[in-house]
Amino acid sequence: MTKKDLLKLAIDTWGVQSQIMMAVEEMGELLQALSKQSRYGDVNTLNLLSEIADVKVMIDQLTLIFEPMAKISVADLEREKLARLAGFLGVQKEWMDYDF
Ligand SMILES: [Mg+2]
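Remember, predicted model here, so these are calculated numbers, not experimental data.

### Side note on the overall build of the protein
Piece 1. On a plain count of helices and strands, the protein comes out with five helices and zero strands.
Piece 2. Secondary structure elements of the protein, listed N to C terminal, follow the sequence α-α-α-α-α.
Piece 3. Relative to the compact-globule value of 13 Å for 100 residues, the protein shows a C-alpha radius of gyration of 17 Å, a clear excess of over 25%.
Piece 4. The principal-axis extent of the C-alpha atoms belonging to the protein is close to 45 × 40 × 25 Å.
Piece 5. Within the protein, the fraction of its 100 residues that count as buried is 6%.
Piece 6. Once local pairs closer than 6 in sequence are excluded, the contacts in the protein between residues at least 24 apart make up 52%.

In structure tokens:
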């Protein structure tokens, strides 16, 4: 079973709306962990990394849910945004040389 198969099974098992709400909840948990780190300098690194992993799993599910509705992929949009970031940082040529 691939990662994509597993994530699709989760969506099929619990439903699209449930997984969207789960994504919102996981993002909330990451926001809280980041806020605590920022406000109190309280770095629970394992918890922070765990929340990042939770959000990544949910982002992958959101991608599977919403991407079929569009004519462009998240990966394509990410490439565009990274190229723009490289432009802001003045390293677009280096980035393009690396990426392609
Ligand atoms: Mg979490």
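Okay, back to it.
### Side note on the domain arrangement of the protein
Piece 1. Domain annotation of the protein identifies domain 1 (1-69) and domain 2 (71-100).
Piece 2. Each of domain 1 and domain 2 has a C-alpha centre, and the two are 24 Å apart.

### Looking at helix α1 (residues 3-14)
Piece 1. With 12 residues, α1 extends 17 Å between its outermost C-alpha atoms, agreeing within 8% with the 16 Å of an ideal straight helix rising 1.5 Å per residue.
Piece 2. With zero of 12 residues buried, α1 lies mostly on the surface of the structure.
Piece 3. Just downstream of α1 lies glycine 15, where phi reads positive at about 95 degrees.

### Quick word on helix α2 (residues 16-40)
Piece 1. Helix length check: α2 (25 residues) gives 36 Å between terminal C-alpha atoms against 36 Å at 1.5 Å per residue, within 8%.
Piece 2. Among the residues of α2, Gln19, Glu26 and Ala33 are the ones counted as buried.
Piece 3. Where α2 is buried, its residues contact α1 and α3 (45-66).
Piece 4. Looking one or two residues past α2, glycine 41 carries a phi angle of roughly 65 degrees, positive in sign.

### Remarks on the environment of leucine 31
Piece 1. With respect to the helices and strands, the residue leucine 31 is situated in helix α2.
Piece 2. You can call leucine 31 exposed: it has 12 C-beta atoms within 10 Å.

### Focus: the packing of α2 against α3
Piece 1. Where α2 contacts α3, the two axes come as close as 9 Å, and the packing angle between them is 150 degrees. With respect to each other, α2 and α3 are oriented roughly antiparallel. Along this stretch, α2 crosses α3, giving a crossing that reads as left-handed. Taking contact as the criterion, the partners of Val16, Gln19, Met22, Ala23, Glu26, Met27, Glu29, Leu30, Ala33 and Gln37 in α2 are, on α3, Asn47, Leu48, Glu51, Ile52, Asp54, Val55, Met58, Gln61, Leu62 and Ile65.

Quick notes on the rules
- Residues numbered from 1 in each chain as written.
- Predicted model: local features only at pLDDT ≥ 70, side-chain atom pairs only at ≥ 80, totals over all residues.
- Helix = DSSP H or I, 4+ residues; strand = E, 2+ residues; numbered from the N terminus.
- Rg over C-alpha atoms; globule rule 2.2 N^0.38 Å.
- Buried ≥ 20, exposed ≤ 12 C-beta atoms within 10 Å, placed from the backbone.
- Contact = placed C-beta atoms within 7 Å.
- Domains from an automatic or database assignment.
- Expected span 1.5 Å × (residues − 1).
- Axes fitted to C-alpha atoms, helices over the stretch in contact; angles between N-to-C directions.
- Parallel < 35°, antiparallel > 145°, perpendicular 65-115°, else oblique.
- Left-handed = near helix turned anticlockwise from the far one by under 90°.

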